[in-house]
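Listed here are the chains, written in short residue letters.
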Amino acid sequence: MNGPSDLRMKRIPLNQGAGYMPALGFGTLIPDRAETITATRDALEAGFRHFDCAERYGNETEVGRALQARLAAGGIAREGIFVTTKLWNSNHRPERVEPAFEASLDRLGLKYLDLYLIHTPFAFQPGDDQDPRDQNGNVIYDHGVTLLDTWKAMESLVNHGKCRAIGLSDIGLKELKPIYESARVKPAVVQVEAHPYLPETELLEFCKETGIVFLAFAPLGHGMRPGPLEDPVILGIAARVGKTPAQVLLAWAVQRGTALLTTPRSAARAQENFDISALPEDALDEINRIQTRQRLNRVVTTGVPGFIPKARGAEQGN
Ligand SMILES: NC(=O)c1ccc[n+]([C@@H]2O[C@H](COP(=O)([O-])OP(=O)(O)OC[C@H]3O[C@@H](n4cnc5c(N)ncnc54)[C@H](OP(=O)(O)O)[C@@H]3O)[C@@H](O)[C@H]2O)c1
């Protein structure tokens, strides 16, 4: 299906005139560095133009390499792709924000970022150790900085011109509202876990009212089974409309007005996950009536990722 209703091409306006975010996003939380390059390349080839990165994923260099190679090949300009990365918890002190941003930009090999997010609202002990722990293995939090302090430093990045928009991740409505109210530069995007088992309807409504883009991660429920991919309602709709369960979940996410991040790691899955088309209203209603509720990622309660790359980037991340 082509034309303005083509979900694959949908772009969502960012507030304060900061451009448009392609609704379909490719997440780069990929533990293996070589696979990061091939998967990013395959995603570009399939049609993805929105790339979600993070300093914590330990692979910005590889994502950058794949993006640079595609831009150098011609046919896609820097303005034709949307790149996000995220400030990690150990960099929340205001004086650490700009250096962390510049280091990410450098690793990605880019001159500007479309979006910079505070990865979680939890400040960890400042420093180079991304996972600071005490002798008992407990995370060392930093109580000397507030989220608003960090947000103000993020606002300066927008003023300096190398960052088009800023936002937050792994945040609930209760923590988002005070930031929204005090912010000089309003959050453009909120990235949170969302799928039919965790629709986050109240947060989505707030985002719609205030013009914040709601960006869903884990739209396929992190691929966990059992999970949304195996839900009988999703399987039934997939059979009925001739699409795969993954395509049904991704279409639902876009049609309810969110942007999304998915992480296909093969060329075939990249094509599958990009090739979505609109579901009929009755299918959307059926998905909205699913009663199962499940949060799959605990990062929102502690700031500690469920799965994180080790220092050498060889393990899982968040
Ligand atoms: N802000 C945060 O704290 C946070 C947390 C988590 C993720 N994220 C972001 O969100 C991105 C998305 O990650 P996610 O895990 O949430 O993505 P997801 O798309 O919900 O799940 C990825 C999983 O689904 C499987 N999968 C992908 N396509 C499939 C298909 N067509 N059919 C069946 N299974 C399929 C993958 O399996 P294979 O691996 O076998 O291909 C993988 O295990 C991340 O890369 C990251 O950028 C952010």
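Predicted model only: the values in this text are computed from it and were never measured. (Residues numbered from 1 in each chain as written. Predicted model: local features only at pLDDT ≥ 70, side-chain atom pairs only at ≥ 80, totals over all residues. Heavy atoms only, no water.)

Glancing now at the side chain of R78. For R78, the position within the fold is in the loop between α2 (60–73) and β5 (82–87). One polar contact links the side chain of R78 to the main-chain carbonyl oxygen of Y112, over a distance of 2.8 Å. Within the structure, R78 has its side chain in polar contact with the side chain of D114 (distance 2.9 Å). Setting aside chain neighbours within four positions, we find R78 in contact with L71, V83, L110, Y112, L113 and D114. (Helix = DSSP H or I, 4+ residues; strand = E, 2+ residues; numbered from the N terminus. Polar contact = N/O pair within 3.5 Å; in protein donor to acceptor, adjacent residues only side chain to side chain. Contact = heavy atoms within 4.5 Å.)

One broad trend across soluble globular proteins is that nonpolar side chains are buried collectively. Counting residues in hydrophobic clusters, the biggest one holds 91 residues, and the most contacted among them are L14, M21, Y116, M154, V189 and L279. The leading source of residues in this core is helix α8 (residues 245–255), at eight residues. In contact with M154, not counting residues within four places along its chain, are L87, V97, Y116, L117, I118, I166 and G167. (Core = buried A, V, L, I, M, F, W, Y, C linked by side-chain atoms within 4.5 Å. Buried < 20%, exposed > 50% of the residue type's maximum accessible area, 1.4 Å probe, protein only.)

Here the focus is the state of the cysteines. Applying the stated criterion to the full structure yields zero disulfides. Its sulfur unpaired, C53 is 13 Å from the next cysteine sulfur, which belongs to C163. Taking relative accessible area as the criterion, C53 reaches 0% and is therefore assigned buried. Overall, C163 belongs to the buried group, its relative accessible area being 2%. (Disulfide = S-S within 2.5 Å.)

Let us now look at the packing of aromatic side chains. Throughout the structure, instances matching the rule amount to eight aromatic pairs. Measuring from centroid to centroid gives 6.0 Å for F26 and F51, while their planes differ by 65°, and the two rings are edge-to-face. Placement of the pair is F26 in strand β3 (residues 24–27) and F51 in strand β4 (residues 50–52), with a sequence separation of 25 residues. An identical accessibility class is assigned to F26 and F51; each is buried. Taken together, a centroid distance of 5.8 Å and an interplanar angle of 85° make the contact between W88 and F124 edge-to-face. (Phe/Tyr/Trp six-rings, centres within 6.5 Å; stacked < 30°, edge-to-face > 60°.)

Each pocket or cavity is described by its volume, and for the largest pocket that value is around 830 Å³. Among the elements of the structure, α8, β10 (259–262) and α9 (267–274) are those that each provide at least two residues to the lining of the largest pocket. With three residues, α9 is the single largest residue contributor to the lining of the largest pocket. Here the residues of the lining of the largest pocket are counted per class, giving 15 nonpolar, 15 polar and seven charged. (1 Å grid on protein atoms, 1.4 Å probe; cavity = no way out; pocket = protein on both sides within 12 Å on 5 of 7 lines; lining within 4 Å. Points joined across faces, edges and corners; volume = space filled by probe spheres on them. Nonpolar A, V, L, I, M, F, W, Y, C, P; charged D, E, K, R; others polar.)

Once that is clear, we can look at the site of the ligand. Taken together, the neighbourhood of the ligand is formed by 29 residues, with D52, D170, A218, H222 and T263 sitting nearest. G27 places a main-chain nitrogen or oxygen 3.4 Å from an oxygen atom of the ligand. About the coverage of the ligand: the protein hides 88% of its 900 Å² of free accessible area. For the ligand, the cavity whose grid points lie within 2 Å of the majority of its atoms is the largest pocket. Elements with a contribution of two residues or more to the shell around the ligand: β10 and α9. (Near = heavy atom within 4 Å. Areas by Shrake-Rupley, 256 points an atom, 1.4 Å probe, with all protein chains shown as cover. Sits in = over half its atoms within 2 Å of the grid points.)

With that settled, consider the pattern of salt bridges. With the rule as written, the count across this model stands at 17 salt bridges. Between R8 and D275 there is a salt bridge, with the nearest N and O atoms lying 3.9 Å from each other. Of this pair, R8 sits in the segment before β1 (11–13) while D275 is found in the loop between α9 and α10 (281–288), placing the two residues 267 residues apart along the sequence. Notably, a salt bridge pairs R133 with D131, separated by 3.0 Å at the nearest N-O pair. On the basis of relative accessible area, R133 is assigned to the partly exposed category, the value being 37%. When salt bridges with common partners are traced through the structure, they connect D6, R8, K243 and D275 into a single cluster. (Salt bridge = Lys/Arg side-chain N within 4 Å of Asp/Glu carboxyl O.)

Here the focus is the sheet that holds β5. Spatially, eight strands are ordered β3-β4-β5-β6-β7-β8-β9-β10 in a closed barrel, and the strand pairing comes out parallel. Going across the sheet, the axis of each strand differs from the next one's by a mean of 25°, ignoring polarity. Pairing of strand β9 (residues 213–217) with β10 involves two bridges; the strand directions are parallel. Bridged to A216 within β10 is L260. Seen against the sheet, helix α3 (residues 94–108) touches β5 and β6 (115–118) and runs at an angle of roughly 140° to β5. (Pairing = 2+ DSSP bridges. Axes fitted to C-alpha atoms, helices over the stretch in contact; angles between N-to-C directions.)

Look at helix α1 (residues 33–46) against α9: their axes get within 9 Å of each other, and the N-to-C directions meet at 40°. As the angle between them shows, α1 and α9 are arranged oblique. As α1 packs across α9, the resulting crossing turns out to be right-handed. Contacts between α1 and α9 involve D42, A43 and A46 from the former and A267, A270, Q271 and F274 from the latter. Here the contact of α1 with α9 is composed, by residue class, of five nonpolar, one polar and one charged. (Parallel < 35°, antiparallel > 145°, perpendicular 65-115°, else oblique. Left-handed = near helix turned anticlockwise from the far one by under 90°.)

The values reported here are purely geometric and, on their own, carry no functional implication.
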